[in-house]
Amino acid sequence: MTGGAVEITDAESSAVNFAQHTFECCGLSAAGIWGNGDFPPGCCSKWDQSTWEKDANRVYKISACPTGSTKYTVNCNDRIEQLMEEFGWVIIIIIIVIIAFEILCMIAACVSKKKNYVA
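Residues numbered from 1 in each chain as written. Predicted model: local features only at pLDDT ≥ 70, side-chain atom pairs only at ≥ 80, totals over all residues. Heavy atoms only, no water.

1. Let's talk about the state of the cysteines
Phase 1 of the analysis: With the rule as written, the count across this model stands at 3 disulfides.
Phase 2 of the analysis: What pairs with Cys26 in a disulfide is Cys43, and their sulfur atoms sit 2.1 Å apart. Its S-S torsion of about 80° marks the bond between Cys26 and Cys43 as right-handed, since a negative value means left-handed. With Cys26 in the loop between helix H1 (10–22) and helix H2 (49–54) and Cys43 in the loop between H1 and H2, the pair connects residues that are 17 residues apart, well separated along the chain.
Phase 3 of the analysis: Take Cys26: its relative accessible area is 0%, and that puts it in the buried class.
Phase 4 of the analysis: The connectivity of the disulfides in the chain is 1-6, 2-3, 4-5, where the numbers refer to bonded cysteines in sequence order. (Disulfide = S-S within 2.5 Å. Helix = DSSP H or I, 4+ residues; strand = E, 2+ residues; numbered from the N terminus. Buried < 20%, exposed > 50% of the residue type's maximum accessible area, 1.4 Å probe, protein only.)

In structure tokens, the structure reads:
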């Protein structure tokens, strides 16, 4: 596949489509980044990766989403930023819990070693 001056593989194209569809975004910094008004099919709300990958005549860029599907208008940088603002505290809490668990395990191992407990 050739996109402008950059050639990417089917696996790379599939990864870009999957990421854009999963995060409901289109383009890295702007939805129009793909040029000429065309965009990858993963920018559409009803894109199906398994069907796309099985299609021998798959298209890599489309000019409009299929009927009943809408194009994501938020760029992926902004979408990831929104998700981090929304769920960032959850990630911090998970990290703190993991660190606390590791410290407790180290303390338990030290106590076990000191008292000659055999596991």
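2. Side note on helix H3 (residues 76–114)
Phase 1 of the analysis: With 39 residues, H3 extends 53 Å from end C-alpha to end C-alpha; this agrees with the ideal 57 Å at 1.5 Å per step.
Phase 2 of the analysis: If you look at H3, its biggest bend is around 60°, right at Phe87.
Phase 3 of the analysis: Within the span of H3, buried status applies to Cys76, Arg79 and Gly88.
Phase 4 of the analysis: Residues of H3 that are buried in the fold lie against H1.
Phase 5 of the analysis: A side-chain oxygen of the first residue of H3 lies 3.1 Å from the backbone nitrogen of Asn77; this N-cap is Asn75.
Phase 6 of the analysis: Just beyond H3, the residue with positive phi is Asn116, at close to 55°. (Expected span 1.5 Å × (residues − 1). Bend = angle between axes of the 7 residues up to and from the residue. Contact = heavy atoms within 4.5 Å. Polar contact = N/O pair within 3.5 Å; in protein donor to acceptor, adjacent residues only side chain to side chain.)

3. Things to note about H1
Phase 1 of the analysis: The end-to-end C-alpha distance of H1 is 18 Å, a good match for the 18 Å that 13 residues give at a rise of 1.5 Å each.
Phase 2 of the analysis: Every buried residue belonging to H1 is among Ser13, Ser14, Asn17 and Gln20, and all of these are buried. Along the axis of H1, the buried residues cluster in a sector spanning 135°; they form a single face.
Phase 3 of the analysis: Packed against the buried residues of H1 are H2 and H3. (Arc of directions from axis to C-beta.)

4. What about the nonpolar core?
Phase 1 of the analysis: Counting 7 residues, the largest nonpolar core consists of Cys26, Phe39, Cys43, Cys44, Ile62, Cys65 and Tyr72.
Phase 2 of the analysis: Dropping the residues within four chain positions of it, Cys44 is found in contact with His21, Phe39, Ile62, Cys65, Pro66, Ser69, Thr70 and Tyr72. (Core = buried A, V, L, I, M, F, W, Y, C linked by side-chain atoms within 4.5 Å.)

5. Some words on the side chain of Arg79
Phase 1 of the analysis: In this fold, Arg79 is placed in helix H3.
Phase 2 of the analysis: Summary of buried charges: Arg79 has no salt-bridge partner, and the nearest side chain of opposite charge, Glu24, is 4.4 Å away.
Phase 3 of the analysis: Residue contacts for Arg79: discarding those within four places in its chain leaves Phe23, Glu24, Cys25 and Val74. (Lys, Arg positive; Asp, Glu negative; His and termini not counted. Salt bridge = Lys/Arg side-chain N within 4 Å of Asp/Glu carboxyl O.)

6. So, unusual backbone geometry
Phase 1 of the analysis: Of note in the backbone geometry, Glu24 takes a positive phi value of approximately 55° without being a glycine.
Phase 2 of the analysis: You can see Glu24 is positioned in the loop between H1 and H2.

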